Amino acid sequence: MSVPASPTQQIRLRENQLFLALTILVGVLAGLAAVLFSVAIDQTTHRLFGLEPSRWRLFAVPPLMSLVTGLLLARVFPDVRGSGVPQTEVAYHMQGGAIPGRVPLGKFVTGVLCIGSGHSMGREGPSVQIGAGLASTIGRWMRLPPERVRDLVPVGAAGALAAAFNTPVAAVLFALEEIIGDLNASLLGSTVVASVAAVIVERSILGNEPLFHVPAYRLVHPAEIGAFAALGVIGGVASLAFCRSLLTLRAAFLRLPPWTRIVQPAMGGLIIGAILLYSPAVKGVGYEYVDLALNGGLALKAMLLLCVLKMAATVVSYSSGNAGGIFAPSLYIGAMAGGAVGMLVHRMAPFPTGDPGAYALVGMGTLFAGIIRAPMTSVFMIFEITQDYQIIVPLMVANTLSFWISERYQPTPVYHALLEQDGVRLRSSGSAPIG
Amino acid sequence: MSDPSGSREVRREGRILHREMVQLGVLALVSVVAFLVTRAVAAGSREIALRDAEAWYRVGRRQLASGDLEGAVDSLRRAAARHRGEKTYGLALAEALTALHDYDSASQVLLNLRETEPDDPGIDLELARLAVRRQDFPGALKYYRQTLSADWPAEQIAARRDVRFELIAVLLERHQNERALSELMALDANLPDRASTLAKAATLFARAGDERRALAEFQRALRLAPDDRDVLAGAGRSAFELGEYETARAYLRRAPPGAAPETLETADLVVTGDPLAKRIGSAERGRRLADALAYATTRLSACADRTAGAASTGVAQALAREAQALQTHVKNRMTDQDTIEAGVELVSRMVHEATDVCGPATTRDRALVLIARRHGADAR
């Protein structure tokens, strides 16, 4: 005979069922928000720059739009500057998962305006904050217990990231590795459910088109592993350079008098305008050019130049207080650095080598591992993009080296260092534990 | 007795459950509305992207036509990126990259297209052409074969035939005559009754060295278009190569004047100067042989004057003496078959000597050698 459940057990069962239903709905809504965010950025860029923007437009749009976003960021949505990932971590670890309802809205509006107006920033970080914010708002509206509201935050973040990047596994890993900081977290099941729900929604709207078209990878010669290891070292050094310059310039902006905060984004916009005059290819998210690098569509000199310019533009855009992430720029810089290394190896190596596109792909992973410091996510993200198991070995070699160099010479991960600049110290300011 | 605090608790739980159900319903409704809105906005954005792609494609085409290859590549890349998998844009981009000699990138673009449309013969054909440009002969053969084995719509059968013609031309350029011939045989069985197609096949047969089949195809074409001057020229050349000089002369006389003037002149000289030709009298044979000997003697002596003192002068003098002796025979009307054959053989030796020592053969030199060869009397 079955024993009837006690009232406590019944309540817990009902709570679990409710949480499962909410997980699916949060995944769907976070996925929709991420898709809408991405589409809105594209439309804004199209409307602000047109098909072939004049030089005047390239120069003027970023600072002029940044005047508007500067006002919004200073007066209406003060907590949505930058990426959104560190803020989500703070909300999860220090604020019981409470993210005010205005945050996802503000992040959406300011993110669209900043990235759409040409700032060199990514849409994934903001998507994470939007998804997490939506999840938190829904949890509180549902009057869930505080610990359940907190649990919904990484669920929303995973859903949004899965839809933004079309990589469900990497999104789950990112939520565990970066937001929660523990790959053994009990929320694995919920994040998986939300991630799957978000990706289903995203694919039903945008189709199952991969974010990048990548060439088939093949390890042509065993010695190529050495070349990939060298790319890992270069990726680590480039990650360090990026993080250091970002933190230094941001500290300089923070030292300016408080009244200047309203115009700081426009100051950054002015520099971005000047950079766009020289090279419009660093505008916005820039995945079009990542695709080019992956498919051998850029010359060596162009890739080296874009690598440096994108790094400079992202540092300026982020440091000046605009709203946007560093996820996409890290992939862009990595693709350019990797593509350049691939071309050099292709030309100079005494053994036969693979396509430079494969190096661009691994380069994306190395910069991601070095800057974001989420090594598992970086491996699985590239694996999900390529759906090619053969890339795993060189990718792991290069990512591990890049991660190690970055961790060795910059012990505090960039997201945590950014929080420390804002006077917030997370309980664990080391790298995310692996395994 | 009922427990009032227990029933209050049950009622409270019921209210919470009801509220949660309503909230979940609201969230589900919001999700549906948000889905519809997002889908509509995404569709609008997609429309914009497609319009942009079309605009970039037009710009790229213009740049390609005006020779601005780098600009064209840039514009066509933008078009292809905004409308991924669109064959027209991808093929145009590959064309621009090929024109820029960036064969690796062109190949990558085509391979990407092939991933989305694996059974499209047009993409395989472009890959084959690219492989030809890259001197990748095995690759070219592979893609040509894939193109030919693809499912072609019935109305594109002529296009498929053209691909086979193209493959044969590639094989011939690589001196793969045997392979080319077997492709031609396969093609020949299904050639339509169209003069231009038959002439094309005939030309390829000729290039592959099968002049007999070439002449047969040219003649098939001529039955359909008796006055096609290009076909007449082709037929004339094939007949000439086969040693059918009368036929060659007949065709070439009707061909355009500039088609093969030297071949016509040579054929003419062979037909009118052959001492061993059928259906001519012995006087005519003697006259033709005497003409040939006189020409060969003059040619040799002019040559000997230019190379006086050279080692070959002795040979020339011996040949001249032989010719003089034979001419005496001919003058004395001693023109039996053996004398004529010996004369034809001697003339060929004299011509070979003259061309060996003094350089390029004249049309008449060639005609005299061909006459000798025609009767198995060529000295070489």
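About the criteria used
- Residues numbered from 1 in each chain as written.
- Chains lettered and ligands numbered in written order.
- Predicted model: local features only at pLDDT ≥ 70, side-chain atom pairs only at ≥ 80, totals over all residues.
- Helix = DSSP H or I, 4+ residues; strand = E, 2+ residues; numbered from the N terminus.
- Rg over C-alpha atoms; globule rule 2.2 N^0.38 Å.
- Buried ≥ 20, exposed ≤ 12 C-beta atoms within 10 Å, placed from the backbone.
- Contact = placed C-beta atoms within 7 Å.
- Core = buried A, V, L, I, M, F, W, Y, C linked by C-beta atoms within 7 Å.
- Domains from an automatic or database assignment.

Draft legend 1. Expanded view of the overall build of chain A. Across its full length, chain A holds 17 helices and zero strands. The C-alpha atoms of chain A give a radius of gyration of 21 Å, which matches the 22 Å a tight globule of 435 residues would have. A burial count over chain A gives 61% of its 435 residues as buried. For chain A, restricting intrachain contacts to residue pairs at least 6 apart in sequence, the fraction spanning at least 24 positions comes to 84%.

Draft legend 2. Here's a closer look at the environment of Leu183 of chain A. Mapping Leu183 of chain A onto the fold places it in the loop between helix H7 (168–180) and helix H8 (188–206). Between the C-alpha atoms of Leu183 of chain A and Val196 of chain A, which are 13 residues apart in sequence, the distance is 18 Å.

Draft legend 3. Here's a closer look at the nonpolar core. Among the nonpolar cores identified, the biggest contains 149 residues, and Val26, Ala30 and Ala160 of chain A are the most heavily contacted of them. For this core, the element with the most residues is helix H1 (residues 7–49) of chain A, which contributes 17 residues. Of the residues that make up this core, three or more belong to each of domain 1 (7–206) and domain 2 (224–421) of chain A. Those residues within four positions of Ala160 of chain A in sequence are excluded, and the remaining contacts are Ala30, Gly31, Ala33, Ala34, Ser127, Val128, Ile130, Gly131 and Ala198 of chain A. Formed by 94 residues, the second largest nonpolar core is a distinct cluster that contains Leu91, Ala202, Leu215 and Leu368 of chain B.

Draft legend 4. Inspection of the interface of chain B and chain A at higher detail. Each partner contributes to the interface: chain B provides 23 residues, whereas chain A provides 27 residues. Secondary-structure elements contributing two or more residues to the side of chain B that touches chain A are helix H1 (4–66), helix H2 (69–82) and helix H4 (103–116) of chain B. Of all the elements, H1 of chain B adds the most residues to the side of chain B that touches chain A, at 16 residues.

Draft legend 5. View of the environment of Val149 of chain A. All names here are of chain A. Looking at the secondary structure, you find Val149 in helix H6 (residues 146–165). Separated by 51 residues in sequence, Val149 and Ala98 place their C-alpha atoms 7.3 Å apart. Residue contacts for Val149: discarding those within four places in its chain leaves Gly96, Gly97, Ala98, Ser136, Gly139, Arg140 and Leu144.

Draft legend 6. Spatial organisation of the domain arrangement of chain A. Residues and elements named next belong to chain A. In terms of domains, chain A is made up of domain 1 (7–206) and domain 2 (224–421). Relative to domain 2, the C-alpha centre of domain 1 lies at a distance of 22 Å. At the junction of the two partners, domain 1 supplies 46 residues and domain 2 supplies 43 residues. Elements represented by at least two residues in the side of domain 1 that touches domain 2 include exactly helix H2 (55–76), helix H3 (85–94), helix H4 (102–116), helix H5 (124–141) and H7. Sort the elements by how many residues they give to the side of domain 1 that touches domain 2 and H2 lands first, with 14 residues.

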